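# Per-entry structural report
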Amino acid sequence: MDFTYREYGTLIELLRASGFTLEKFQQAPVEERKAYLRHDIDMSIEDAFRLASFEEQLGVGSTYYVLLDTGFYNAMAAGSNARLRSMAYMGHDIGLHYVQRSHLDEAPDYDSALLADICRQCTLLSEMLDLEIATFSFHRPTPQLLQKKLIVPGLSNAYASPYFEQGAYISDSNHHWRCGDPFAFISEFSGSSLQVLTHPFWWNPDPVDPRRKLRDFVDRLADSHRATLIHDVGLAASVFEKALP
Ligand SMILES: [Zn+2]
């Protein structure tokens, strides 16, 4: 596996050739061959935007899940906000990638507090992007959270049993397909529902060493924070400006 767009395109072709119809999470699962393409934006909206543009060229609509609780990006920042809205106009769905907050563990009624927090964050994201947010996925869920089989009125949960347990679920988490070769898995899979989770960060137009990608990502973050300091904090200019290329 080289995690190139060409390879991703071949994966889509295989899904279609294997009789799968590509669906969104909002639509009720039915007893036919349905594949759900899911992308969790754990690190970079720029990478997600690039993959979304590639999918648009393929005529594919998928679902991108956005973190609110992350230090890597800010969905409200002008560039990120515009990219996410553009992705929706391309035909993709945008959902919430929810991080369970530790203070909820202390709530007297955990389930209600969790449900309220998910709804509140979906409303926030919807307001930020001026888009309907009707789906969510969990970021690094604990087994206990997954066992909840949480049903939230008006929202689809990518971990709900129709998408997660009744069918199959394969993922490229940490640049590694736990299912083994995904092409072989899809070719041999005879069930009705298949969720394919890919993280846009790992996918590139050309092959990239994942360690190199991570190092470049950290460098880009540092450059971005330095530029923000110079533009937004007056005093920082005299400290950092000469250090910028
Ligand atoms: Zn995640």
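Within each chain, residue numbers correspond to sequence positions counted from 1 in written order. Totals for whole chains, interfaces and linings use all residues, but because this is a predicted model, local features are given only for residues with pLDDT of at least 70 and pairs of side-chain atoms are given and counted only at 80 or more. With hydrogens and water excluded, all non-hydrogen atoms of the structure serve as input to the side-chain values.

## Here we look at the layout of surface pockets
- One number sums up the size of the largest pocket: a volume of about 610 Å³.
- Note on definitions: the grid is 1 Å and covers protein atoms alone; a cavity is a set of points where a 1.4 Å probe fits but cannot get out; a pocket is an open set with protein on both sides within 12 Å along at least five of seven lines; lining residues have an atom within 4 Å of a point. In terms of lining, the largest pocket is formed by 26 residues, of which the most central are Asp42, Arg140, Ser173, Arg178 and His199.
- Think of it as three bins: nonpolar holds Ala, Val, Leu, Ile, Met, Phe, Trp, Tyr, Cys and Pro, charged holds Asp, Glu, Lys and Arg, and polar takes everything else, Gly as well. Across the lining of the largest pocket, the residue classes break down as 14 nonpolar, 7 polar and 5 charged.
- Of the voids in this model, the second largest pocket is the one considered here, and its volume is about 380 Å³.
- Considering the residues around the second largest pocket, the lining is formed by 16 residues, among which Phe72, Tyr73, Asn74, Leu221 and Ser224 are closest to the centre.
- Among the elements of the structure, helix 2 (45-58) and helix 8 (210-232) are those that each provide at least two residues to the lining of the second largest pocket.
- Here a strand is any run of E in DSSP of at least two residues, a helix any run of H or I of at least four, and the numbering for each starts at the N terminus. When residues in the lining of the second largest pocket are grouped by element, the largest group, 6 residues, is from helix 8.
- Of the residues contributing to the lining of the second largest pocket, the split by class is 7 nonpolar, 7 polar and 2 charged.
- In this document the domain limits rely on a domain assignment from an automatic tool or a database. Per-domain counts for the lining of the second largest pocket show at least three residues from each of domain 1 (5-207) and domain 2 (209-245). Grid points are joined across faces, edges and corners, and a volume is the space filled by probe spheres set on the points.

## Considerations on the packing of aromatic side chains
- Think of it this way: a Phe, Tyr or Trp ring, Trp meaning its six-membered ring, pairs with another when their centres are within 6.5 Å, and the plane angle makes it stacked under 30 degrees, edge-to-face over 60, tilted otherwise. Scanning the model with the defined rule gives 17 aromatic pairs in all.
- Between the aromatic rings of Phe25 and Tyr163, the centroid separation amounts to 4.9 Å while the plane-to-plane angle is 75°, which identifies the pairing as edge-to-face. Within this pair, whereas Phe25 is found in the loop between strand 1 (21-23) and strand 2 (34-41), its partner Tyr163 is found in helix 6 (residues 161-164), the two being separated by 138 residues in sequence.
- We call a residue buried when its accessible area falls under 20% of the maximum for its residue type, exposed when it is over 50%, and partly exposed in between, using a 1.4 Å probe and counting protein chains only. By relative accessible area, which is 0% here, Phe25 ends up buried.
- Of the residues examined, Tyr163 reaches a relative accessible area of 5% and is grouped as buried.
- Judged by centre distance (5.9 Å) and plane angle (15°), the ring pair of Phe185 and Phe189 falls under stacked.
- On the basis of relative accessibility, which here comes to 16%, the residue Phe189 falls in the buried class.
- Taken together through their ring pairs, the aromatic side chains of Tyr98, Phe136, Phe138, Tyr159 and Tyr169 make up a single cluster.
- We note Arg33 situated over the ring of Phe20; from NZ or CZ to the ring centre the distance is 4.0 Å.
- Either the NZ atom of lysine or the CZ atom of arginine qualifies as a charge over a ring when it sits within 6 Å of the ring centre and within 35 degrees of the ring normal. Against the face of Phe201 rests Lys213, its NZ or CZ located 4.4 Å from the ring centre.

## Side note on the coordination of the zinc ion
- All of the protein donors around the zinc ion are Asp42 (OD), His97 (NE2) and His139 (ND1); their distances to the metal are 2.1 to 2.2 Å.
- Considered as a linear motif, the donors of the zinc ion on their single chain read D-x54-H-x41-H. Of the two residues, Asp42 sits in the loop between strand 2 and helix 2 while His139 sits in the loop between strand 5 (135-138) and helix 5 (143-147), which places them 97 residues apart along the sequence. Coordinating N, O and S atoms are those within 2.8 Å of the metal (3.2 Å for Na, K and Ca), and as water is not part of the atoms, a site may appear to have fewer donors than expected.

## Quick notes on the pairing of strand 5
- Burial along strand 5 is two-sided: the face carrying Thr135 and Ser137 and the face carrying Phe136 and Phe138 are both buried.
- Looking at chain direction, strand 4 (residues 93-98) and strand 5 are connected through 3 bridges and run parallel. By the bridge assignment, His97 is partnered in strand 5 with Ser137.
- A right-handed crossover is one whose linking path, passing over the helix from the first strand to the second, runs clockwise when the strands point away from the viewer. Between the parallel pair strand 4 and strand 5, the chain is carried across by helix 4 (residues 110-129), and the sense of this crossover is right-handed.
- Note: two strands are recorded as paired if DSSP finds a minimum of 2 bridges between them. Taken together, the 2 bridges between strand 5 and strand 6 (residues 156-157) define a ladder with parallel strand orientation.

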